[in-house]
Structure formats: structure tokens, C-alpha cells
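So you can see what is in the structure, the chains are spelled out below.
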Amino acid sequence: MDQSLMAALESLRIALHVTRVAIFRLHTTAQTYTLQRIHHIQTPSSRPLKHDDIVLATEHARCFAHLYDGNVFVGHTDELEGDVRTIFEEWDIQSFMIAPIFIHDERWGFLTVVDCEQKRTFPAHERAIFLAIARTIGESMKREQTLHELQRMKQEMEQMNAMLKRKVEEEVRKNREKDFMLIEQSRYATMGEMLRNIAHQWRQPLNVLGLLLQDMQEAYAYGELNESYLRTSIQKCFTQIQHMSRTINDFRNFFKPHKEATHFRPIQAIRQALKIISASLDHYGVHLHVENRTRAHMYGFPNEMSQVLINLLTNACEQFVARDIARRIICVRTYADDSFIYIQVKDNAGGIDETIRARMFEPYVTTKKDGTGLGLYMSKMIVTKMNGDLFVSSSQKGATFTIRMPRSKGGRGL
């Protein structure tokens, strides 16, 4: 983000014809009011700044108090008083414009522009654009914090997975009867894959946001950025942000296990799974076809059924990549007879090696270099727990996994 942010600050400096553009991080205590300079851009001829931090006694910073309401602070140095005026004079500042940067509804710092050459005014349209840019920077920083948090979670989960793997190997040597405990913990092992799915889900809206910000800068540079244009662009940015927020909610809801079984249609579990994995399918160039031929209900746990489908779809994607399949197709089909509901996941990844086909639902059976051999075993356990069955057939073209569940009389659409 730093390079794009510095480019944005330089564009802002040039567009407003000012001496310096800077971002300050705010730190407050009961006694002090500290501004820490994080980023700045200035004209080559301007005098370098002596300090990165501005420390003021709280009572001397009252001129900034009205920034709490989110307004832009515009003025001239000779209008200020006390230590603030002294510092501004020390930096040869004639005119200034300051806007607050909010992250998670809290004031994080300030975006500032200063003119050291002349006393000038900033018209209303420049103040409005400046405030919008400060808000956009705040949203960008919030997204960056979220991504850092996801990376931290991923690292923690990788460490947890490594520790879990060592523990599993030790427990298997001692007693294979402890498999059930391992399966209960295996849900955590899927977190790394889920984080990768989040990254795939967010890549496109982040690209769109970058293009919208660039378009706003160019529109401003060419004099095309009027109020209507700005409002439309900001609304488009908020739309992308809301999409990313919904993605986080989808993942959060997915990891909330259902405490009680419920009646649900198979298409509901399929849609939930696709919310999580659709971006990954796009990333791997997989064409997915869904054919829903039943409105009958099954009885069980929708999130757990979605987890089974995600495992099956993920396995197919990995086979496509491992075997370098050019045309990648997965077909998901639902249908029913008088007694059962079926969900089929069929791929064209070249089928299953006959040497492991008979054992593929056993624990620790895997063809992957770093695989744990628990995915299909866990999927089988989940389906069995809901009184269903999971079986597989294979040909030279590909594999077909079939989930068979009893029809439920508790839901409509029988």
C-alpha cells in the first residue's frame, strides 16, 4: 500500500499546488497530544522537516478540538496561538488544510496539506474532495489492517497445523483409537484453506477499489471531478467495501456449527459452499455446472454438509492442478427417488488411482505430498453422522462422489 499511497499523496500535492502533503498518526494521553509523521511528500526545494513527531500539551491543542466532528480545518498560521503557532512558524507554514482520518469509527490521525509560499484559501470544492480523500485513506488503511490480521491468523493457523501434525503422529503411534479426537480437531486444519479462499474473494473488489481511486485522481486532474462524479465514485467504493464485509460475514457464519439438526434442501448447502469457494474455483479456472432436480428436504446440519462439499470441490481443484488438466469442469447435480436424496460431484480430472481407491475413505490415506489424509475420512464421518452415505466411482475421465441422504418428512417439497 505504501507505494500507491505515496503516489496518491504526490498527485494530491501537485493538484492543489501546495508545498507539502503528510499523514500524521495521533497518540493522545491526558497530558499530551502527539502527532507522529508517517508519510509525507514535499516540493524538492522546500526545507526538510527537523522532527517526525509533534508533541503538544493537551491544553495547547485546543485549536484542533473541532476536528472531533469530522470537519476539515482550514486556516493560516497567523490565526493560531501558542505552541501550535510556534511550530507552524518554525516549519515556515503560511496556510494549511487538515482532515481527520478515521479507522473503525475512531480518529486514527490526520491528512494535512500546507503551503509555505503564500497565504491562500482553499475553496469549498477542494475541501470536500480533500475530506473524501481522507475518508478513502482511512478505509484503505482499515482494509490493510484487516489483511494484516488475516495474515497473522494464517501464520498462527500454520503453526497450529504444524503442531497438530506432530501431535497426530505421536498419538497414532501410541494408539490409533484416538482418531475420533483428531477428527473433532480437524475443522481447524481447514482454516488455512479458508484464508486462501478469503484472499481469492477479496482480490477482485480490491482491484476495483484501486481503479476507482485512480479514476478519481485522473478525473480531478482533468477537471472532471464534480460533486455528482465524486458521489457516484464514492458509492461505488462503498459497494465494493460492503461486498468484502459480506464475505467476512459468510466465512464467520460458516464456522458457526449448528447445535441442532434442521430440515434443509441440498441446494442450500451447495449455495453456502459456493459462497466460500467460488473465488477459488475462478482462480483455478474451473467451470462449475449446478443442476438441481429436487426440492425435497434432508435432515441434518447444513454447514457440515457444506464443509463436505467444499472438501470434494477442493480435492477436484487440486487434482486439476496436479495433473495439469487444461479444460477443468465440475458438475454438481441433485436428484431424489422415493427414499433418498442424492448430491453428486463429478469432475474430469482423470479419475482415481486404483491402488488407493478401495482405501480412500480411511484416515491417513493420501496422494498429496503434504496431505494429512483426513479430508475424505472426515467427510465420510460427517455424512454418516447424519444417517447418510458417501461413496465414489471412477473412470478414465474423472471421479464422481455421491452423497446419499434419507428424505426428510419434516420439510416441504417432498
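Everything numeric here is computed off the predicted structure, so don't read it as measured data.

Quick notes on the rules
Sequence order sets the numbering: in each chain, residues are counted from 1 along the sequence as written. Only residues with pLDDT of at least 70 are given local features in this predicted model, and only at 80 or more are side-chain atom pairs given and counted; all residues enter the totals for whole chains, interfaces and linings. By convention in this description, side-chain values take in all heavy atoms of the structure and omit both hydrogens and water. Residues are called lining when one of their atoms sits within 4 Å of a cavity or pocket point, these points coming from a 1 Å grid over the protein atoms alone, where a cavity is a set in which a 1.4 Å probe fits but cannot get out and a pocket is an open set with protein on both sides within 12 Å along at least five of seven lines. Grid points are joined across faces, edges and corners, and a volume is the space filled by probe spheres set on the points. Starting at the N terminus, helices and strands are each numbered in turn, a helix being any DSSP run of H or I of at least four residues and a strand any DSSP run of E of at least two. Put simply, Ala, Val, Leu, Ile, Met, Phe, Trp, Tyr, Cys and Pro go in the nonpolar bin, Asp, Glu, Lys and Arg in the charged bin, and everything else, Gly too, in the polar bin. Put simply, buried Ala, Val, Leu, Ile, Met, Phe, Trp, Tyr and Cys residues joined by side-chain atoms within 4.5 Å make one nonpolar core. Exposure categories follow from relative accessible area, calculated using a 1.4 Å probe and restricted to protein chains: below 20% of the type maximum is buried, above 50% is exposed, and the middle band is partly exposed. Throughout, a residue-residue contact means that at least one pair of heavy atoms, one from each residue, lies within 4.5 Å. Think of a salt bridge as a Lys or Arg side-chain nitrogen and an Asp or Glu carboxyl oxygen that are within 4 Å of each other. Paired strands are those between which DSSP finds at least two bridges. To get an axis, fit a line to the C-alpha atoms, keeping to the stretch in contact for a helix; angles then go from 0 to 180 degrees between the N-to-C directions. Angles are sorted into four bins: roughly parallel if under 35 degrees, roughly antiparallel if over 145, roughly perpendicular if 65 to 115, and oblique for all others. Note: crossing handedness is left-handed where the near helix turns anticlockwise from the far helix by less than a right angle, and right-handed where it turns clockwise. Centre distance within 6.5 Å is the pairing criterion for rings of Phe, Tyr and Trp, where only the six-membered ring of Trp is used; planes under 30 degrees apart are then read as stacked, over 60 as edge-to-face, and the remainder as tilted. A ring is considered to have a charge above it if a Lys NZ or an Arg CZ atom is located within 6 Å of its centre and within 35 degrees of its normal. Residue-level confidence of the predictor is what pLDDT reports, using numbers from 0 through 100.

S.K.: Break down the layout of surface pockets for me, citing the residues and quoting the values.
M.R.: Empty space among the atoms can be located by rolling a probe the size of a water molecule over them. There is about 860 Å³ of room inside the second largest pocket. Taken together, 32 residues make up the lining of the second largest pocket; nearest its centre are Ser 4, Ala 8, Leu 213, Gln 214 and Gln 217. Listed by contribution, the elements that provide at least two residues to the lining of the second largest pocket are α1 (2-16), α3 (124-174) and α5 (191-221). For the lining of the second largest pocket, a count of residues per class yields 22 nonpolar, seven polar and three charged.

S.K.: I'd like to hear about the nonpolar core, residue by residue, with values.
M.R.: By size, the foremost hydrophobic cluster in this structure holds 45 residues, and its most contacted members are Met 305, Leu 309, Ile 330, Ile 343, Phe 401 and Ile 403. The set of elements that each furnish at least two residues to this core consists of α7 (266-283), α8 (302-322), β10 (328-336), β11 (340-347), α10 (375-385), β12 (389-394) and β13 (399-406). A total of nine residues in this core trace back to one element, the largest contributor, which is α8. If we skip the residues at most four places from it in the chain, Ile 330 touches Leu 281, Val 286, His 287, Leu 288, His 289, Leu 313, Ala 316, Phe 320, Val 345, Lys 346 and Asp 347. Ranked by size, the runner-up nonpolar core spans 22 residues in total, among them Val 72, Leu 111, Phe 122 and Phe 130.

S.K.: Mind laying out the pattern of salt bridges, listing which residues take part and the relevant values?
M.R.: If the charged atoms of two oppositely charged side chains come close together, the side chains can form a pair. If you walk through the whole model with that rule in mind, you get eleven salt bridges. Arg 231 serves as the salt-bridge partner of Glu 227, at 2.8 Å between the closest nitrogen and oxygen. One end of the pair is Glu 227 and the other is Arg 231, both in helix α6 (residues 227-254) and four residues apart, which spans about a single turn. Here Glu 227 falls in the exposed class, since its relative accessible area comes to 60%. Residue Asp 389 pairs with Lys 380 through a salt bridge whose shortest N-O separation is 3.0 Å.

S.K.: Break down the pairing of β12 for me, with residues and values.
M.R.: Pairing of β12 with β13 involves six bridges; the strand directions are antiparallel. For Asp 389, the partnering residue across the bridge sits in β13 and is Arg 404. Between β12 and β13, which pair antiparallel and follow one another directly, the connecting turn spans four residues.

S.K.: Run through empty space enclosed by the protein, naming residues and quoting values.
M.R.: Considering all chains together, one arrives at two cavities of 30 Å³ or more under this definition. When its volume is computed, the largest cavity comes out at roughly 210 Å³. In terms of lining residues, the largest cavity is bounded by 19 residues, among which Phe 24, Ile 54, Phe 88, Trp 91 and Thr 112 are the most central. Taken together, the elements giving at least two residues each to the lining of the largest cavity come down to β1 (20-28), β3 (53-57), α2 (82-90), β5 (95-103) and β6 (106-115). When residues in the lining of the largest cavity are grouped by element, the largest group, four residues, is from β1. Here the lining of the largest cavity is composed, by residue class, of 17 nonpolar, one polar and one charged.

S.K.: Can you tell me about the sheet that holds β12, naming the residues and giving the values?
M.R.: Within the open sheet, the five strands sit side by side as β8-β10-β11-β13-β12. Their pairing is mixed. Here the strands that pair on one side only, and so sit at the sheet edges, are β8 (286-292) and β12. Averaged over all adjacent pairs, the angle separating strand axes in this sheet is 15°, with direction ignored. For β10 and β11, the ladder comprises seven bridges, and the chain directions are antiparallel. Bridge pairing links Ala 336 to Ile 341 in β11.

S.K.: Give me the environment of Leu 211: which residues, what numbers.
M.R.: Position of Leu 211 among the secondary structure elements: in helix α5. Among the residues examined, Leu 211 registers a relative accessible area of 58% and is labelled exposed. Through-space distance from the C-alpha of Leu 211 to that of Cys 237 is 9.9 Å; in sequence the pair is 26 residues apart.

S.K.: Report on the packing of α8 against α10, specifying residues and quantitative values.
M.R.: For the pair α8 and α10, interaxial distance at closest approach is 9 Å and the crossing angle is 150°. By the angle between their directions, the pair α8 and α10 is classed as roughly antiparallel. As α8 packs across α10, the resulting crossing turns out to be left-handed. Between α8 and α10, the residues in contact are Glu 304, Gln 307, Val 308, Asn 311, Leu 312 and Asn 315 and Gly 375, Leu 376, Met 378, Ser 379, Ile 382 and Val 383, respectively. Taken together, the residues of the contact of α8 with α10 break down into six nonpolar, five polar and one charged.

S.K.: Before we move on, could you go through the packing of aromatic side chains and cite the residues and values that matter?
M.R.: Taken as a whole and judged by the stated rule, the model has four aromatic pairs. Centroid distance Phe 73 to Phe 96: 5.3 Å. Interplanar angle 70°. Geometry classified as edge-to-face. One end of the pair, Phe 73, is in strand β4 (residues 73-76); the other, Phe 96, is in strand β5, with 23 residues separating them in the sequence. Here Phe 340 and Tyr 342 contribute two aromatic rings whose centre-to-centre distance is 6.4 Å and whose plane-to-plane angle is 55°, an arrangement assigned as tilted. Looking at Tyr 342, the relative accessible area reads 12%, which means it is buried. Above the ring of Phe 301, the side-chain terminus of Lys 385 is found at 5.3 Å from the ring centroid. For the cation-ring pair, Arg 404 lies above Phe 340, with the distance from its terminal atom to the ring centre recorded as 4.7 Å.

S.K.: Just give me the short version of the confidence of the model for the protein chain, but keep the residues and values in it.
M.R.: Here the protein chain averages 79 in pLDDT, and 79% of its residues register 70 or above. When mean pLDDT is compared element by element in the protein chain, β11 scores highest at 95, while helix α4 (residues 179-189) scores lowest at 52.

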